[in-house]
Amino acid sequence: LIKIKINLLLILSILFFYTNTYAEDKFVGFIESLEGNAFKLNNEKKIKLNVFDQIFIGDEITIGSNANATISFLDNSIFTLNRNSTFIVEDFDNISQDPKFIILFSKGSFTFESGTIAKNKNGIMKINLSEMEVALNGTLITGFSTVEEKRVSLVEDSMGRVGSLNITVGDQTTVITDPSKGISLSGGNEIEEISLSDDETNQIKESIKKATVDAQTDTEESINRAVAK
């Protein structure tokens, strides 16, 4: 897995070079795997997505019903999304001394294996779920967002490491450092501590492990497609 992560980071950097050399928009990642339909909305234009299609800052990505997707980002992070999920990459900078990665996640469910930005002591890595702002320090996070409830939990990542989550709702910040722990935010901004079962934790770890391995598969084709564009 260590070799996979190092190789993936190198490959994504090559993709970044080829695409950003010729594009005004900032390329931040690509669709690694996709089952079902997914779309992106860019400048009010709806575009159907396919495997290896590129993701740019400001694209509104929607995963359709009965669909799921895995997205690989340039900082080596991996984002898995289930049906009816929608998000936007608001900011991404993985080359400065103070790197930043901000995702606006409006609805659906997800698992996010953090990359180099969240593991950098000067990095800012956030996933915002409407009223809930989650800052990641390394680690793996899982969660979902609906009109009625937002929920996030900390999980040991695929390398066996556990970071932390700083979860801010209004003027209250909760720090999560124990694996399989998290919080739920329901109507009326009621905050409740939650715990994942062993089965839930193992399923999440297995799914992200599979996504990490799959991210190494077909990477040569990814580079060829990026160069062709």
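Located above this text is the structure these notes cover.
Residues numbered from 1 in each chain as written. Predicted model: local features only at pLDDT ≥ 70, side-chain atom pairs only at ≥ 80, totals over all residues. Heavy atoms only, no water.

Caption draft 1: Examining the overall build of the chain more closely. For the chain, the helix and strand inventory stands at four helices and 17 strands. In the chain, which comprises 229 residues, the proportion classed as buried is 46%. Within the chain, contacts between residues at least 6 apart in sequence are counted, and of these 53% link residues at least 24 apart. Here the chain displays about 11400 Å² of accessible surface, and carbon together with sulfur accounts for 46% of that area. (Helix = DSSP H or I, 4+ residues; strand = E, 2+ residues; numbered from the N terminus. Buried < 20%, exposed > 50% of the residue type's maximum accessible area, 1.4 Å probe, protein only. Contact = heavy atoms within 4.5 Å. Areas by Shrake-Rupley, 256 points an atom, 1.4 Å probe, with all protein chains shown as cover.)

Caption draft 2: Layout of the pattern of salt bridges. Within the structure shown, the criterion is met by six salt bridges. For the salt bridge of aspartate 59 with lysine 40, the shortest nitrogen-to-oxygen distance reads 3.4 Å. Here lysine 40 lies in strand E2 (residues 38-42) and aspartate 59 lies in the loop between strand E4 (54-56) and strand E5 (60-63), a separation of 19 residues in the sequence. The salt bridge partner of glutamate 149 is arginine 151, with a shortest N-O separation of 2.9 Å. (Salt bridge = Lys/Arg side-chain N within 4 Å of Asp/Glu carboxyl O.)

Caption draft 3: Inspection of unusual backbone geometry at higher detail. Of note in the backbone geometry, asparagine 76 takes a positive phi value of approximately 80 degrees without being a glycine. With respect to the helices, strands and loops of the structure, asparagine 76 is situated in the loop between strand E6 (68-73) and strand E7 (78-81). A relative accessible area of 8% means that asparagine 76 is categorised as buried. Unusually for a residue other than glycine, serine 180 sits at a positive phi of about 70 degrees. Looking at the secondary structure, you find serine 180 in the loop between strand E15 (172-176) and strand E16 (181-186). What makes serine 180 buried here is its relative accessible area of 14%.

Caption draft 4: Representation of the layout of surface pockets. As a volume, the largest pocket reaches approximately 650 Å³. Along the wall of the largest pocket there are 28 residues; nearest its centre are Thr80, Asn82, Thr111, Ile204 and Ser207. Those elements giving two or more residues to the lining of the largest pocket turn out to be strand E1 (27-35), E6, E7, strand E9 (100-113), strand E12 (140-145), strand E13 (149-155), strand E17 (190-195) and helix H3 (198-216). The element contributing the most residues to the lining of the largest pocket is H3, with seven residues. (1 Å grid on protein atoms, 1.4 Å probe; cavity = no way out; pocket = protein on both sides within 12 Å on 5 of 7 lines; lining within 4 Å. Points joined across faces, edges and corners; volume = space filled by probe spheres on them.)

Caption draft 5: Focus on the environment of lysine 210. The residue lysine 210 is located in helix H3 in this model. Judged by relative accessible area, lysine 210 falls into the exposed class, the value being 53%. With 52 residues separating them along the chain, lysine 210 and serine 158 place their C-alpha atoms 9.9 Å apart.

Caption draft 6: Looking closely at the nonpolar core. In terms of nonpolar packing, the biggest core is built from 44 residues, with Phe79, Phe87, Phe110, Phe112 and Ile127 touching the most fellow members. Contact partners of phenylalanine 112, with chain neighbours within four places excluded, come to Ser77, Ile78, Phe79, Phe101, Ile103, Met125, Ile127, Leu136, Thr139, Leu140 and Ile141. (Core = buried A, V, L, I, M, F, W, Y, C linked by side-chain atoms within 4.5 Å.)

Caption draft 7: Region of interest: the packing of aromatic side chains. Summed over the entire model, instances satisfying the criterion amount to eleven aromatic pairs. Following the ring pairs from residue to residue traces out a cluster consisting of Phe73, Phe79, Phe87, Phe92, Phe101, Phe105, Phe110 and Phe112. In this structure, lysine 46 packs its charged tip against the face of phenylalanine 39, placed 4.5 Å from the ring centre. (Phe/Tyr/Trp six-rings, centres within 6.5 Å; stacked < 30°, edge-to-face > 60°. Lys NZ or Arg CZ within 6 Å of the ring centre and 35° of its normal.)

Caption draft 8: Layout of the pairing of E17. As judged from the six bridges shared by E16 and E17, these two strands associate in the antiparallel manner. Across the sheet, the residue bridging to serine 186 is glutamate 190, located in E17. Turn length for the E16-E17 hairpin, with the two strands adjacent in sequence and antiparallel, is three residues, and the turn residue glycine 188 shows positive phi of about 80 degrees. (Pairing = 2+ DSSP bridges.)

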